[in-house]
Amino acid sequence: MLGFMDWSVLALGCALVLTSLGGWWWERTKVQKGASPDRSRRFFAAWLPLLMGGELIGAKVPHLLHAPYSVAMIVDALNFVLIFTVAVLAFWMLRERDLRTNR
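This is a predicted model, so every value here is computed, not measured. (Residues numbered from 1 in each chain as written. Predicted model: local features only at pLDDT ≥ 70, side-chain atom pairs only at ≥ 80, totals over all residues. Heavy atoms only, no water.)

Examining the environment of Leu10
Rules: Where helices and strands are cited, they refer to DSSP runs of H or I of at least four residues and of E of at least two residues respectively, numbered from the N terminus. Only heavy atoms enter the contact rule, under which two residues are in contact if any of them lie within 4.5 Å.
Examined against the element boundaries, Leu10 turns out to sit in helix H1 (residues 2–32). Contacts of Leu10, omitting those with residues within four sequence positions, involve Ile57, Val61 and Leu64.

So this is what it looks like as structure tokens:
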């Protein structure tokens, strides 16, 4: 059962990465058609799922590949930095959006 859970988390991470690529492609086609780009929407449509999917993949791949402890610790440290970066970027984009709407 735990093996299934590990693979399902990995599949969710891959789905998030594919969703981010689809969101990036969708926004790119809208901009090419003449629509004005919205930076905060682009972040939440493309970058946020990409970063979170990368974190989910990085969290499970060392365990599934039976990587040594040192490799798992390095990947966990990188995942912590990635989670912190996503949180900072999300709060920054929300703040920027609120400042634009309050003008």
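There's plenty left to go through after this.
What to know about the pattern of salt bridges
Going by this rule: Here, a salt bridge means any side-chain nitrogen of Lys or Arg that lies within 4 Å of a carboxyl oxygen of Asp or Glu. We call a residue buried when its accessible area falls under 20% of the maximum for its residue type, exposed when it is over 50%, and partly exposed in between, using a 1.4 Å probe and counting protein chains only.
One pass over the structure, following the stated rule, counts 1 salt bridge. With a closest N to O distance of 3.2 Å, Lys60 and Asp6 form a salt bridge. You can see Lys60 sitting in helix H2 (residues 39–64) and its partner Asp6 sitting in helix H1, a full 54 residues away along the chain. For Asp6, a relative accessible area of 10% gives the class buried.

Concerning H1
Counted only if it meets this: One less than the residue count of a helix, multiplied by 1.5 Å, gives the span that helix is expected to have.
Between its terminal C-alpha atoms H1 stretches 45 Å, which fits the 45 Å expected from 31 residues at 1.5 Å a residue. By the burial criterion, the buried members of H1 are Asp6, Leu10, Gly13, Val17, Ser20, Gly23 and Glu27. Looking one or two residues beyond H1, the residue adopting positive phi is Gly34, at roughly 110°.

Remarks on helix H3 (residues 69–101)
With 33 residues, H3 should reach 48 Å at 1.5 Å per residue; the first-to-last C-alpha distance of 48 Å fits that figure. Listing the buried residues of H3 in full gives Val75, Asn79, Val86, Ala90, Met93 and Glu96.

Section: a nonpolar patch on the surface
Selection criterion: A patch consists of residues whose relative accessible area exceeds 30% and which take part in no salt bridge; residues with like charges are grouped when within 9 Å of each other, and nonpolar side chains (Val, Leu, Ile, Met, Phe, Trp, Tyr) when within 5 Å. All accessible-area figures derive from a Shrake-Rupley calculation using a 1.4 Å probe, and residue coverage is judged against the displayed protein chains alone.
Side chains of Leu2, Phe4 and Met5 sit close together on the surface and give an oily, nonpolar patch of about 360 Å² of accessible area. Structurally, Phe4 can be placed in helix H1. On the accessibility criterion, Phe4 (57% relative accessible area) is exposed.

Observations concerning the UniProt feature "transmembrane region" (unreviewed entry) in the protein chain
Rules: UniProt positions are given in the numbering used here, feature names are shortened, and annotations may be inferred rather than shown by experiment.
Mapped onto this numbering, the UniProt entry annotates "transmembrane region" (unreviewed entry) at residues 6–26, 46–65 and 71–94. The span residues 46–65 is 95% helical and 0% strand by assignment, and the distance between its end C-alpha atoms comes to 28 Å. In the segment residues 71–94, helix accounts for 100% and strand for 0%; the C-alpha atoms at its two ends are 34 Å apart.

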